[in-house]
Amino acid sequence: MSDQLLPLPLTERSVHLCVDMQRIFSAEGPWPTPWMNKVLPVTAALASRHPERTVFTRFIPPARPEQMPGMWQRYYARWRVATRDVLPLELLELMPPLATFCPPATIVDKTRYSAFAEPGLIDHLRQREADALIVSGSETDVCVLATVLDAVDIGFRVIVVRDAVCSSSDEGHEILMRLYHTRYTEQIETADAEAILSLWE
């Protein structure tokens, strides 16, 4: 799949948004994402280019299922092992190579799939006058998907970094990458990190 970048610059207003690259999604946690170790160095390279322009989100489960509304209670009744009353809390931390960028990188905690479910993210991006989001993280077909579609609705330029996103489902990952590439050609760009780093000064 070729790079699909619009002829627009990446500037000091472009922000790297890294979604949920946490230990809970590594081999240590209840939701392992096998490709995380492969994309982690690529994500770290993006963060190292401009750590002060990087935002890391962390998915924070409730302590107990009944603390969440509606069908989330059913979800966490199934995944009680991932609730904070059961889960070792250190698994909620960023993967170690990424944690070293904070600060100056920013951390935004969230309790839903989309990073924009927490008002702290949009407040931070507006304060920075962000106009483009360079998206990496986990999982391509869950939290990354929800975040990307919300970013499109808000009106951000969105670039999904193909070799810096991963999923526990290879099939889901491939389907979403094809969807981003073919269905949202005016709103979602896709490219490898090398191409982005060559443009992002």
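Remember, it's a predicted structure, so these values are computed and weren't measured experimentally. All residue numbers refer to position in the chain's written sequence, counted from 1. Predicted model: local features are reported for residues with pLDDT of at least 70 only, side-chain atom pairs are reported and counted for 80 or more only, and whole-chain, interface and lining totals are derived from all residues. In computing side-chain values, all of the structure's heavy atoms are included and hydrogens and water are not.

A. Inspection of the nonpolar core at higher detail. The nonpolar core is taken to be a set of buried Ala, Val, Leu, Ile, Met, Phe, Trp, Tyr and Cys residues, with the residues joined through side-chain atoms within 4.5 Å. A simple rule labels every residue: compare its accessible area, found with a 1.4 Å probe on the protein chains alone, to the largest value its type can have, and call it buried under 20%, exposed over 50%, or partly exposed in between. The biggest cluster of nonpolar side chains holds 52 residues, and the ones touching the most others in it are Leu-98, Leu-133 and Phe-156. Note on definitions: a residue-residue contact is assigned when non-hydrogen atoms from the two residues lie within 4.5 Å. In this view, Phe-156 contacts Phe-116, Ile-122, Leu-125, Ala-130, Asp-131, Leu-133 and Ala-151; residues no more than four positions away in its chain are not counted. The next biggest cluster of nonpolar side chains, apart from the first, holds 13 residues, and it includes Val-161, Ala-164, Ala-195 and Trp-200.

B. Structural context of the environment of Val-108. A run of DSSP states H or I qualifies as a helix once it reaches four residues; a run of E qualifies as a strand once it reaches two. Both are numbered from the N-terminal end. Considering the arrangement of structural elements, one finds Val-108 in strand S3 (residues 106-110). On the accessibility criterion, Val-108 (8% relative accessible area) is buried. Ignoring any residue separated from it by four or fewer positions in sequence, one finds Val-108 in contact with Val-55, Phe-56, Thr-57, Arg-58, Glu-118 and Leu-121.

C. Structural view of the environment of Thr-111. Among the structural elements, Thr-111 can be located in the loop between S3 and helix H4 (119-127). Residue classification places Thr-111 among the partly exposed residues on the basis of a relative accessible area of 25%. For the pair Thr-111 and Ala-45, spaced 66 residues apart in sequence, the C-alpha to C-alpha distance is 27 Å. Excluding residues within four positions of it along the chain, Thr-111 makes contact with Phe-59, Ile-60, Met-68 and Glu-118. Think of a polar contact as two N or O atoms within 3.5 Å of one another; within protein, one of them needs to be a possible hydrogen donor and the other a possible acceptor, and neighboring residues in sequence only count if both atoms come from side chains. Within the local environment of Thr-111, its side chain forms a polar contact with the side chain of Arg-112, the two groups lying 2.6 Å apart.

This is a description of form; function is not addressed.
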